[in-house]
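Each chain, written out:
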Amino acid sequence: PAFHCVYTLVSERDPSKHYTGCTEDLDSRLKAHNAGEVTHTAKYRPWIVETCVAFRNREKARAFEKYLKPVLAANSRDVIFDARGGVPKSKLCFT
């Protein structure tokens, strides 16, 4: 069975720009982002994969993506996750 990947991209042009999505084929999806085929990411290409979390269950992957998008949009560098539960545990400051 195929895995469903929730992924986070970071722009090489502007590392403060991140994009989170879900796909069954991360390589093809990254190529589409970097070819300018995705409206939301075309402006800040090229992109590299920062994180990928794989799920066997599509619904669980979509639920995690839905949870993750606003968390990362707020400030992707401020969140670390509890390895046992995947919920925000504390704030982390990078200088």
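The rules behind the values
- Residues numbered from 1 in each chain as written.
- Predicted model: local features only at pLDDT ≥ 70, side-chain atom pairs only at ≥ 80, totals over all residues.
- Heavy atoms only, no water.
- Core = buried A, V, L, I, M, F, W, Y, C linked by side-chain atoms within 4.5 Å.
- Buried < 20%, exposed > 50% of the residue type's maximum accessible area, 1.4 Å probe, protein only.
- Helix = DSSP H or I, 4+ residues; strand = E, 2+ residues; numbered from the N terminus.
- Contact = heavy atoms within 4.5 Å.
- Pairing = 2+ DSSP bridges.
- Axes fitted to C-alpha atoms, helices over the stretch in contact; angles between N-to-C directions.

Asker: Any chance you could explain the nonpolar core here in plain terms?
Answerer: For soluble globular proteins, the rule of thumb is that nonpolar side chains tend to be buried together. Ranked by size, the top nonpolar core spans six residues in total: Val-6, Cys-22, Phe-55, Ala-61, Leu-68 and Leu-72. Per-element tally for this core: the top contributor is helix H2 (residues 58–75), with three residues. Setting aside its immediate chain neighbours within four residues, Val-6 contacts Thr-20, Gly-21, Cys-22, Thr-51, Cys-52, Val-53, Phe-55, Ala-61, Phe-64, Glu-65 and Leu-68. Tyr-7, Tyr-19, Leu-26 and Trp-47 belong to the second largest nonpolar core, which has five residues in total.

Asker: Can you help me understand unusual backbone geometry in this one?
Answerer: For residues other than glycine, phi is negative in most cases, and the peptide bonds are mostly trans. For the bond running from Arg-45 to Pro-46, omega is 5°, close enough to zero to count as cis. Examined against the element boundaries, Pro-46 turns out to sit in the loop between helix H1 (26–34) and strand S3 (47–55).

Asker: Would you take a moment to explain the sheet that holds strand S1 (residues 4–11) for this structure?
Answerer: Pairing between the strands of a sheet comes from backbone hydrogen bonds, and it takes one of two forms, parallel or antiparallel. The antiparallel open sheet is built from three strands, whose spatial order is S2-S1-S3. In this open sheet, the two edge strands, each paired with only one partner strand, are strand S2 (18–23) and S3. Direction aside, neighbouring strands of the sheet carry axes that sit 20° apart on average. Both S1 and S2 contribute to a ladder of six bridges, which runs antiparallel. Among the inter-strand pairings, Cys-5 is bridged to a residue of S2, identified as Thr-23.

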